[in-house]
Amino acid sequence: MIQGKLKKSVGWAALQYIQPGSIVGVGTGSTTSCFIEALGSIRQKIEGVVSSSEASSEKVKSLGIPLFDLNDIGIVDVYVDSADEINRKMQMIKGGGAALTREKIIAAVAREFICIADASKLVDMLGTFPLPVEVIPMARAWVARELVRLGGTPVYRQGVVTDNGNIILDVHNLAILDAVFLEEKINNIPGCVTVGLFACRTADMALIGSEQGIKIMR
């Protein structure tokens, strides 16, 4: 119950960083869903939204917010999304909702990336949450072997197909000391679409909700 209230509080707090006439990128997951609901209250003030998943797109459309294809616009003014883990360097693990590739694309083109999360997601070192990797199906066994060589224990996420038609391997038992190095290393494995490490492109700001209020990290 408390966690739900914290998610709602950071979702609504992010509204103050949305400028009139903006094109807003939205992520995926329960915390971001709270932000999308909040965004619906100012839908007449923004130009529209670019979404990272089919689920978020449906919610956006249900609230009457204009939805754009990323290919039809230039720049996303601000991207708001949650994280499965975030450290104090603003590096994140994302992909618990299997939308990591589209999330990473929107983050790459956004002028500003705001992470919204409750305090349970703030960690000293990334890796307690299993690291998601989106993989082309025919490469599943090969990529899994390469991830073992990197010290991880990959587990196939049964029954999950991404919006891109791929599968997810969740990598357990990784102590991520150098997130930038590991992101680049995994992304270079043939058959890997992308890894859910957001270290090369970090968040620019994080709103962390706790019972004591909302902490702003930059």
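Residues numbered from 1 in each chain as written. Predicted model: local features only at pLDDT ≥ 70, side-chain atom pairs only at ≥ 80, totals over all residues. Heavy atoms only, no water.

A. The packing of helix α1 (residues 2–13) against helix α2 (residues 30–39), seen in detail. The contact between α1 and α2 brings their axes to 8 Å, and the two run at 45°. It follows that α1 is oblique to α2 by the angle criterion. Like other packed secondary-structure pairs, α1 and α2 cross with a definite hand, here right-handed. Each of Lys7, Lys8, Val10, Gly11 and Trp12 in α1 lies in contact with α2, whose residues at this interface are Ser30, Thr31, Cys34, Phe35, Glu37 and Ala38. In terms of residue class, the contact of α1 with α2 is built from five nonpolar, three polar and three charged. (Axes fitted to C-alpha atoms, helices over the stretch in contact; angles between N-to-C directions. Helix = DSSP H or I, 4+ residues; strand = E, 2+ residues; numbered from the N terminus. Parallel < 35°, antiparallel > 145°, perpendicular 65-115°, else oblique. Left-handed = near helix turned anticlockwise from the far one by under 90°. Contact = heavy atoms within 4.5 Å. Nonpolar A, V, L, I, M, F, W, Y, C, P; charged D, E, K, R; others polar.)

B. Seen up close, the pattern of salt bridges. According to the stated counting rule, one finds twelve salt bridges in the structure shown. Notably, a salt bridge pairs lysine 59 with glutamate 37, separated by 3.1 Å at the nearest N-O pair. Taken together, the residues span a long stretch of sequence, with lysine 59 in helix α3 (residues 54–62) and glutamate 37 in helix α2 at a distance of 22 residues. Residue glutamate 37 is classed as partly exposed on the basis of its relative accessible area, which comes to 39%. The closest approach of N and O atoms between glutamate 146 and arginine 149, which form a salt bridge, is 3.2 Å. (Salt bridge = Lys/Arg side-chain N within 4 Å of Asp/Glu carboxyl O. Buried < 20%, exposed > 50% of the residue type's maximum accessible area, 1.4 Å probe, protein only.)

C. Representation of the environment of glycine 209 in the model. Within the fold, glycine 209 resides in strand β12 (residues 205–210). Put simply, glycine 209 and glycine 21 are 188 residues apart on the chain and 27 Å apart in space, counted from C-alpha to C-alpha. Among all residues touching glycine 209, those that are not within four sequence positions of it are Leu6, Val10, Ala117, Asp118, Ala119 and Ile214.

D. Main features of the packing of aromatic side chains. The tally for this structure, following the rule as stated, stands at two aromatic pairs. Aromatic side chains tyrosine 79 and phenylalanine 113 sit 4.9 Å apart centroid to centroid with 35° between the ring planes, which places their arrangement in the tilted category. Of this pair, tyrosine 79 sits in strand β3 (residues 76–81) while phenylalanine 113 sits in strand β6 (residues 110–118), placing them 34 residues apart in sequence. Here tyrosine 79 and phenylalanine 113 have matching classes, each one buried. Aromatic pair phenylalanine 113 and phenylalanine 198: ring centres 6.5 Å apart, planes at 65°, arrangement edge-to-face. (Phe/Tyr/Trp six-rings, centres within 6.5 Å; stacked < 30°, edge-to-face > 60°.)

E. Main features of α2. In terms of residue burial, α2 counts as a mostly covered element, since seven of its ten residues are buried. Those residues of α2 not exposed but buried are Thr31, Thr32, Cys34, Phe35, Ile36, Ala38 and Leu39. Against α1, β1 (23–26), β2 (48–51), α3, β3 and β6 lie the buried residues of α2.

F. Layout of the pairing of β6. Counting buried positions along β6 gives seven out of nine residues, so the element sits mostly inside the fold. In terms of strand pairing, β3 meets β6 through five bridges, oriented parallel. When the bridges of β6 are listed, valine 80 appears paired with isoleucine 114. Note that β6 and β12 share five bridges and pair parallel. Bridge pairing in β12 links alanine 117 to isoleucine 208. (Pairing = 2+ DSSP bridges.)

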